[in-house]
Amino acid sequence: MLLLLSFINLFFTGFQSASPPAKVGLTIDIQNIRKKQGAVYIALFEPGKTFPEGNPMEGRKLDVTGSSVKATFSVEPGEYAVAVYHDENGNGKMDKRVFGIPKEPYGFSNNFRPVMSAPKFGDCRFSVNESGKAISIRLE
């Protein structure tokens, strides 16, 4: 009987769901803000989402008051990519030139600079581990 109870206990404990991974801090420091007006938009993407034009997993709008801004996100450890732009004129969108070239400053994680097309997730991917992560993105 004791052996049967031990087996049943082992059986049920094997099916208990594991707790979700603890969230950690991801700090994003945006540098090289030239005009102290408007807002900086930060879009945080996870793998499998359309980067950088699709819907981010989370986004922030930060009013510009100096030459840099900083935001902290609470994320699970994993891989992410970030796209940022400075809406200098405050119209709520990224203004573009002919052929879709941005008029306003922008940047990506890893400070990746695309040449002829939008970057891919892999170009801007970085890992966040259990102790969190801090990255810096320079606007150009």
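The rules behind the values
Residues numbered from 1 in each chain as written. Predicted model: local features only at pLDDT ≥ 70, side-chain atom pairs only at ≥ 80, totals over all residues. Heavy atoms only, no water. Patch = residues over 30% accessible without salt bridge, like charges linked within 9 Å, V, L, I, M, F, W, Y side chains within 5 Å. Areas by Shrake-Rupley, 256 points an atom, 1.4 Å probe, with all protein chains shown as cover. Salt bridge = Lys/Arg side-chain N within 4 Å of Asp/Glu carboxyl O. Helix = DSSP H or I, 4+ residues; strand = E, 2+ residues; numbered from the N terminus. Polar contact = N/O pair within 3.5 Å; in protein donor to acceptor, adjacent residues only side chain to side chain. Contact = heavy atoms within 4.5 Å. Buried < 20%, exposed > 50% of the residue type's maximum accessible area, 1.4 Å probe, protein only. Lys, Arg positive; Asp, Glu negative; His and termini not counted. Core = buried A, V, L, I, M, F, W, Y, C linked by side-chain atoms within 4.5 Å. Pairing = 2+ DSSP bridges. Axes fitted to C-alpha atoms, helices over the stretch in contact; angles between N-to-C directions.

Re a nonpolar patch on the surface
Taken together, the side chains of Val 98, Phe 99 and Ile 101 present a nonpolar region at the surface, about 380 Å² in accessible area. Inspection of the secondary structure assignment puts Ile 101 in the loop between β5 (78-87) and β6 (106-108).

Thoughts on the pattern of salt bridges
Scanning all chains against the criterion turns up three salt bridges. Of the charged contacts, one joins Arg 125 and Glu 79 as a salt bridge, the two residues approaching to 3.9 Å between their closest N and O atoms. Of this pair, Arg 125 sits in the loop between α2 (121-124) and β7 (126-128) while Glu 79 is found in strand β5, placing the two residues 46 residues apart along the sequence.

Some thoughts on the side chain of His 86
For His 86, the location among the structural elements is in strand β5. A polar side-chain atom of His 86 sits 2.7 Å from the main-chain carbonyl oxygen of Gln 37. Setting aside its immediate chain neighbours within four residues, His 86 contacts Ile 33, Lys 35, Gln 37, Gly 38, Ala 39, Val 40, Val 64, Glu 104, Pro 105 and Leu 139.

Looking at the side chain of Asp 95
Within the secondary structure, Asp 95 is located in the loop between β5 and β6. No salt bridge is formed by the buried Asp 95, whose closest oppositely charged neighbour, Lys 93, lies at an N-O distance of 4.6 Å. Excluding residues within four positions of it along the chain, Asp 95 makes contact with Asn 89, Pro 102, Lys 103 and Glu 104.

Here we look at the nonpolar core
Core analysis: the biggest nonpolar cluster contains 22 residues, and Ile 28, Ile 30, Ile 42 and Val 82 have the highest contact counts within it. Looking at this core, the elements with two or more residues in it are β1 (24-31), β2 (39-45), β4 (69-75), β5, β7 and β8 (133-138). Those residues in contact with Ile 30 that sit more than four places away from it in its chain are Val 40, Ile 42, Ser 67, Ser 68, Val 69, Val 84, Ile 137 and Leu 139. Within the second largest apolar cluster, 10 residues are counted, among which are Ala 43, Phe 51, Ala 81 and Cys 124.

A short note on the sheet that holds β8
Paired through backbone hydrogen bonds, the strands of a sheet run either parallel or antiparallel to each other. Taken in spatial order, the three strands line up as β4-β1-β8 in an open sheet, and their pairing is mixed. A strand with exactly one partner marks an edge of an open sheet, and here the two such strands are β4 and β8. The average angle at which neighbouring strand axes cross in this sheet is 20°, direction not considered. Summarising the sheet, β1 and β4 pair through seven bridges and their orientation is antiparallel. Across the sheet, residue Asp 29 finds its bridge partner in β4, namely Lys 70.

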